[in-house]
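Here are the chains, one letter per residue:
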Amino acid sequence: MINYRINGDFYGNARSVIKGSEGFRGDIYSDTVSIPTIGYGYALIVRQRKSNGTMNYVVADYVQNEFASIGIAPTPAQMNLLRDIAIDLTNGNTAAARTKTATLDAQIRDIDQAEASTLFNRSLDRALADVKRGFIASLGSANGELLFTEMTGSTELVAISSMAFSGGSDIVGRSLSQALWNSNRAEAWYEIRYNSNNGSSRSPGIAKRRYYESELFGIYNNSASVQVDEAKEVFRMFSLHRSDIERYEQRYGVDFDGNAGWDRINGRPPLGAANYEFNLSGAAAVDAIHDALSPAWTALFAELQRLYPTGMAGLSATDFSPVNVQLDPNRNAGQPVTTNTQDHQSYLDGRRFNSQGQEISTRDVLIGEGGRDTLRGGLGDDVLIGGEGDDIYIYRAGDGNDRIIDSDRRGRVIVFDANGQHRELAAGAFFQQNPNGGTIWQSADGQISITHNSPWRLVLSDGSTIELGDFQDGDFGIDLINAPVPVDYTRT
């Protein structure tokens, strides 16, 4: 559910945001993607997508009339020069486009801030119209109009209008429109921050702006009071797109380990550049992904403690980084946001690898919920929560000391030894009690033991453990065979 934040002065708020992100320049200059621009981000050339998906650049049809409104009348030769720049951009010749833009600038006078504001107001109206057209194209006329009306006057619409202001008429696509229509704030936030340019920005400058706009839009209705359903929505989004998010943050933001991205703007990654250049601090600052997920993790962890008091005993939310928490997204990649399969079969893999391909140790929480899920924590002391369904838990010798919480006790445990050989602890896995009785049962090959020292644990030959919680004979297909009672041969 998205609770739109209505601002009393929408146009004033929009001007403040977009002017702040664009900055003012009185001359004609090449922006970060080489488009001739003046004033507060007023573009003289616009992008149009061809039927084959490639971009075409054309002179904006409004340039002459709107320049005339501030007393500038471009000559035919100047308009032809502008058309040549558009052709260069279409052909990918940005160097030639920039050279010709500098020539055009020398021929047309600079404008002042009042004139720039006049042009800006025209651009903002076009951006709003583009947003509305995008909604209608994706949702149909009735639903598109209704969504635009619901958002009118909101801070969220300011953020999306800012995208359209810089990104053109096709920036508001089907995925973003459907996320908004289905009141999925987290998915809409993802589309703005990560996927507004087909998953990767055209430049660090665009990434910087998208970070700002996604923070303005917000991943929560109220980060100080996150509800459980909202927290789950956030982690479903994150889990579905986790690999794409990780790659994006490694380049433009702050990666999962807290390292700054490698692509830079004046020495800063685009996320840091957004905070610096737009003067964002405190609650207004763009959050690293770890911090963005933290309020959702706090709410979700409290819910897990409520549902599984024994399994979660002794754990704290701070034991785990939010980026190492995954929740069954209830849909597959590529399926629309409207998909919500309650018995979805997910594969949640907590393993992460460094640049040399070596697995690194992380403490993960993997939550399967309904359906037949497969959970693999990898290196580190993990918590694997299968939920309902015939779940599979994968463990390799040396992975660490894991906990399994299997609410319906129908799961299976697959254990790989150090040589990669595996055995499945399912129906037919018998453990013989130590001949002296007590609390230890051992597999036939002696490689795995099960102990009852509150809680029950599987103990592998290397000493690593899998905690089974409130285990009962027969759970996970494991049958315990008690030691025979010794016969007393004493004569009487």
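Since the structure is predicted, the reported quantities are computational estimates derived from the model, not experimental observations. (Residues numbered from 1 in each chain as written. Predicted model: local features only at pLDDT ≥ 70, side-chain atom pairs only at ≥ 80, totals over all residues. Heavy atoms only, no water.)

J.: Describe the packing of helix α5 (residues 113-139) against helix α6 (residues 141-151), and please don't skip the residues or the numbers.
T.: Packing of α5 against α6 brings their axes to within 7 Å, and their N-to-C directions diverge by 140°. Looking at the two axes, α5 sits oblique to α6. When you trace α5 past α6, the crossing you get is right-handed. Across from Leu128, Val131, Lys132, Phe135, Ile136 and Leu139 in α5, the residues of α6 making contact are Ser141, Asn143, Gly144, Glu145, Leu147, Phe148 and Met151. Tallied by class, residues from the contact of α5 with α6 come to 8 nonpolar, 3 polar and 2 charged. (Axes fitted to C-alpha atoms, helices over the stretch in contact; angles between N-to-C directions. Helix = DSSP H or I, 4+ residues; strand = E, 2+ residues; numbered from the N terminus. Parallel < 35°, antiparallel > 145°, perpendicular 65-115°, else oblique. Left-handed = near helix turned anticlockwise from the far one by under 90°. Contact = heavy atoms within 4.5 Å. Nonpolar A, V, L, I, M, F, W, Y, C, P; charged D, E, K, R; others polar.)

J.: Lay out helix α11 (residues 228-240) in plain terms, naming residues and giving numbers.
T.: With 13 residues, α11 extends 18 Å from end C-alpha to end C-alpha; this agrees with the ideal 18 Å at 1.5 Å per step. Turning to α11, its buried residues number three or more, namely Glu230, Ala231, Lys232, Glu233, Val234, Phe235, Arg236, Met237, Phe238, Ser239 and Leu240. As for α11, its buried residues are in contact with α9 (185-193), α12 (242-252), α14 (289-307) and β6 (325-327). (Expected span 1.5 Å × (residues − 1). Buried < 20%, exposed > 50% of the residue type's maximum accessible area, 1.4 Å probe, protein only.)

J.: Run through helix α4 (residues 94-107), naming residues and quoting values.
T.: If you check α4, its first and last C-alpha atoms are 20 Å apart, about what 14 residues at 1.5 Å a residue would give, namely 20 Å. Those residues of α4 that are buried are in contact with β1 (25-30), β2 (36-39) and α3 (76-90).

J.: Report on the nonpolar core, specifying residues and quantitative values.
T.: Residues Leu180 and Trp297 are the most contacted members of the largest nonpolar core, which totals 108 residues. Setting aside anything within four residues of it in sequence, one finds Leu180 in contact with Ile2, Tyr4, Phe135, Leu147, Met151, Ile160, Ala188 and Phe217. Leu366, Leu384, Val413 and Ile448 belong to the second largest nonpolar core, which has 22 residues in total. (Core = buried A, V, L, I, M, F, W, Y, C linked by side-chain atoms within 4.5 Å.)

J.: An account of the side chain of Lys232 is needed here, citing residue identities and associated values.
T.: Summarising the element assignment, Lys232 is placed in helix α11. Residue classification places Lys232 among the buried positions, given a relative accessible area of 18%. Within the local environment of Lys232, its side chain forms a polar contact with the side chain of Glu369, the two groups lying 3.1 Å apart. Contact partners of Lys232, with chain neighbours within four places excluded, come to Leu300, Leu327 and Glu369. (Polar contact = N/O pair within 3.5 Å; in protein donor to acceptor, adjacent residues only side chain to side chain.)

J.: How would you explain the layout of surface pockets if you had to name every residue and give the values?
T.: Taken as a whole, the largest pocket holds about 980 Å³ of empty space. Around the largest pocket sit 42 residues that line it, and Asp31, Gly41, Ala43, Phe165 and Ser166 are the ones nearest its centre. Where the lining of the largest pocket is concerned, the elements lending two or more residues are α1 (10-22), β1, β4 (45-49), β5 (55-59), α5, α7 (155-167) and α10 (204-217). Among the elements that line the lining of the largest pocket, the one with the most residues is α5, at 6 residues. Forming the walls of the second largest pocket are 20 residues, and the residues nearest its centre are Glu215, Gly218, Ser223, Ala283 and Asp287. Within the residue set of the lining of the second largest pocket, elements represented by two or more residues are α10 and α14. When residues in the lining of the second largest pocket are grouped by element, the largest group, 4 residues, is from α10. Tallied by class, residues from the lining of the second largest pocket come to 10 nonpolar, 6 polar and 4 charged. (1 Å grid on protein atoms, 1.4 Å probe; cavity = no way out; pocket = protein on both sides within 12 Å on 5 of 7 lines; lining within 4 Å. Points joined across faces, edges and corners; volume = space filled by probe spheres on them.)

J.: Could you give me a rundown of the pairing of β5, with the residues and numbers involved?
T.: Side-chain alternation along β5 places Met55, Tyr57 and Val59 on a buried face and Asn56 and Val58 on a face that remains uncovered. When β4 meets β5, the two strands line up antiparallel, connected through 5 bridges. Across the sheet, Gln48 pairs through a bridge with Asn56, a residue of β5. Where β4 folds back on β5, the antiparallel hairpin that results is connected by 5 residues, among which Gly53 adopts a positive phi of roughly 95°. (Pairing = 2+ DSSP bridges.)

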